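Survey of secondary and tertiary structure
Residue-level listing of the chains:
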Amino acid sequence: ITMKIKGKCDICEKSDGFWGHNLQQCKVCHILVHELCYGMVETTTKDSNFTCHACKAVGTSVEVNVPSKIGGCGKKMGRKRELVKQRHRPKECLLCSHDKGYHAMHPLL
């Protein structure tokens, strides 16, 4: 039997084992997420190497459309691209009102 993690899922706010769902904790920022809530394959064990998507993104670069970054539109939209490097773990979530401390950043599936 796997030891239960104290705390609640950052997405659904339910505890470890709720309806049989397994909670994982990010080894970097320590957020808690149920595997199912985070779009992971469900397991019955704790992964001591689990790293959330936001922490994995630090240090990586993403190619973006420049107009979409500043809300542009029209004929030039999508024609100019640049690389944006994620230097820090984001704290603001675009899908909810969370803006303080670390957050699971609702995975887009």
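The structure reproduced in this document is the subject of the present report. Just so it is clear, the structure is predicted and the values come from calculations on it, not from any experiment. (Residues numbered from 1 in each chain as written. Predicted model: local features only at pLDDT ≥ 70, side-chain atom pairs only at ≥ 80, totals over all residues. Heavy atoms only, no water.)

1. Points about the state of the cysteines
Formally, a disulfide is one covalent bond, and it connects the sulfur atom of one cysteine to the sulfur atom of another. Applying the stated rule across the entire model yields 0 disulfides. Cysteine Cys26 is unpaired, with the sulfur of Cys29 as its nearest cysteine sulfur at 3.8 Å. Using a relative accessible area of 0% as the deciding quantity, one classes Cys26 as buried. Looking at the unpaired Cys37, the closest cysteine sulfur is the one in Cys12, lying at 3.7 Å. Cys37 sits in the partly exposed class, given a relative accessible area of 26%. (Disulfide = S-S within 2.5 Å. Buried < 20%, exposed > 50% of the residue type's maximum accessible area, 1.4 Å probe, protein only.)

2. Let's talk about the packing of aromatic side chains
Tallied over the entire structure, the rule returns 2 aromatic pairs. Here the aromatic rings of Tyr38 and Phe50 are separated by 6.1 Å at their centres, their planes lie at 80°, and the arrangement is edge-to-face. One end of the pair, Tyr38, is in the loop between strand E2 (32-34) and helix H1 (53-57); the other, Phe50, is in the loop between E2 and H1, and 12 residues separate them in sequence. On the basis of relative accessible area, Phe50 is assigned to the buried category, the value being 6%. Over the ring of Phe18 we find Lys14, and its NZ or CZ is 5.3 Å from the ring centre. (Phe/Tyr/Trp six-rings, centres within 6.5 Å; stacked < 30°, edge-to-face > 60°. Helix = DSSP H or I, 4+ residues; strand = E, 2+ residues; numbered from the N terminus. Lys NZ or Arg CZ within 6 Å of the ring centre and 35° of its normal.)

3. Examining the side chain of His21
Relative to the helices and strands, His21 is located in the segment before strand E1 (23-25). The class for His21 is buried, based on a relative accessible area of 17%. Polar side-chain contacts of His21 include one of 3.0 Å to the side chain of Glu42. Apart from the residues lying within four places of it in its own chain, the contact partners of His21 are Asp16, His34, Leu36 and Glu42. (Polar contact = N/O pair within 3.5 Å; in protein donor to acceptor, adjacent residues only side chain to side chain. Contact = heavy atoms within 4.5 Å.)

4. Concerning the environment of Leu83
With respect to the helices and strands, the residue Leu83 is situated in strand E4 (residues 81-85). Leu83 gets classed as exposed once you look at its relative accessible area, which sits at 63%. Taking the C-alpha atoms as reference points, Leu83 and Glu63, 20 residues apart in sequence, are found 4.4 Å from one another. In this structure, Leu83 is in contact with Ser61, Val62 and Glu63, ignoring residues within four places of it in sequence.

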